[in-house]
Amino acid sequence: MSTNVILVCLLVGTVNYLFRYLPLRMGARQKPGPKSGPLSRVLDSIGIASICALLVVSSTPEILRDQQKLLPSLAGFVLLALIFWRTKSIIIATLTGALAYGLVFKVMLMAAG
């Protein structure tokens, strides 16, 4: 098995674990309420963890083949995380991240050609 495949698997596994673990640690300071238990926080984080894991797994081979796709992928990922952090809406975050990826990629193509 290739070292790259192992590294991608470790990276995706670590990020996926952190997306499930960190809400439990960071949410411990919140006031108790009907939707503030540990199970609720884990379930709330599954959507963003899945999207980020898919983003890393699907973009890594493309980035390894074509280094120009690194900046658009990073822009999409950062905006995805920031929008989700602010809105808690996986739909808005995913669409905004995809839009950012497309716009950055298009601008880079126009600048190069």
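An unreviewed UniProt entry annotates the protein as L-valine transporter subunit YgaH of Rahnella bonaserana.

Considering the pattern of salt bridges
Per the stated rule, a full pass over the model turns up two salt bridges. Between Arg 65 and Glu 62 there is a salt bridge, with the nearest N and O atoms lying 3.2 Å from each other. Taken together, the residues Arg 65 and Glu 62, both in helix α2 (residues 38-65) and three residues apart, mark about one turn of the helix. Taking relative accessible area as the criterion, Arg 65 reaches 63% and is therefore assigned exposed. By relative accessible area, which is 30% here, Glu 62 ends up partly exposed. Two residues, Glu 62 and Lys 69, come together in a salt bridge whose shortest N-O distance is 3.0 Å. Overall, Lys 69 belongs to the buried group, its relative accessible area being 17%.

What about the UniProt feature "transmembrane region" (unreviewed entry) in the protein?
UniProt tags residues 39-57, 69-85 and 91-112 as "transmembrane region" (unreviewed entry). Secondary structure content for residues 69-85 is 94% helix and 0% strand, and the end C-alpha separation is 24 Å. Annotated as 100% helix and 0% strand, the span residues 91-112 places its first and last C-alpha atoms 32 Å apart.

What to know about the packing of aromatic side chains
This structure, assessed with the given rule, holds one aromatic pair. Measuring from ring centre to ring centre gives 6.0 Å for Tyr 101 and Phe 105, while their planes differ by 5°; the resulting arrangement is stacked. Of this pair, Tyr 101 and Phe 105 both sit in helix α4 (residues 90-112), four residues apart, which is roughly one turn of that helix. We classify Phe 105 as partly exposed; its relative accessible area is 23%. Just above the ring of Phe 84 sits the side chain of Lys 88; from NZ or CZ to the centre is 5.9 Å.

Describing α4
Over its 23 residues, α4 runs 33 Å from end to end, which matches the ideal 33 Å to within 8%, given 1.5 Å per residue. Residues Ala 93, Gly 97 and Ala 100 constitute the buried set of α4. Buried residues belonging to α4 abut α3 (70-87).

Focus: the packing of α3 against α4
In a pair of packed helices, the angle between the axes and the distance between the axes together describe the arrangement. Remark: α3 packs on α4, axes separated minimally by 8 Å, with the N-to-C direction vectors making an angle of 155°. Between α3 and α4, the interaxial angle falls into the category roughly antiparallel. Remark: the crossing between α3 and α4 carries right-handed chirality. Here Leu 71, Pro 72, Ser 73, Ala 75, Gly 76, Leu 79, Leu 80, Ile 83 and Phe 84 of α3 come into contact with α4, specifically with Ile 90, Ile 92, Ala 93, Thr 94, Thr 96, Gly 97, Ala 100, Tyr 101, Val 104, Phe 105 and Met 108.

With respect to α3
Taking 1.5 Å of rise per residue, the 18 residues of α3 would be expected to cover 26 Å, and the 26 Å separating its terminal C-alpha atoms lies within 8% of that figure. By the burial criterion, the buried members of α3 are Pro 72, Ser 73, Gly 76, Leu 80 and Phe 84. All buried residues of α3 project into a common sector of 100° when viewed along the axis, lining one side. Relative to its buried face, α3 has exposed residues pointing more than 90 degrees away, namely Leu 71, Trp 85 and Arg 86. Just downstream of α3, Lys 88 is the residue with a positive phi angle, here 60°.

Thresholds, definitions, all that
Residues numbered from 1 in each chain as written. Predicted model: local features only at pLDDT ≥ 70, side-chain atom pairs only at ≥ 80, totals over all residues. Heavy atoms only, no water. Salt bridge = Lys/Arg side-chain N within 4 Å of Asp/Glu carboxyl O. Helix = DSSP H or I, 4+ residues; strand = E, 2+ residues; numbered from the N terminus. Buried < 20%, exposed > 50% of the residue type's maximum accessible area, 1.4 Å probe, protein only. UniProt positions renumbered as here; feature names shortened; annotations may be inferred. Phe/Tyr/Trp six-rings, centres within 6.5 Å; stacked < 30°, edge-to-face > 60°. Lys NZ or Arg CZ within 6 Å of the ring centre and 35° of its normal. Expected span 1.5 Å × (residues − 1). Contact = heavy atoms within 4.5 Å. Axes fitted to C-alpha atoms, helices over the stretch in contact; angles between N-to-C directions. Parallel < 35°, antiparallel > 145°, perpendicular 65-115°, else oblique. Left-handed = near helix turned anticlockwise from the far one by under 90°. Arc of directions from axis to C-beta.

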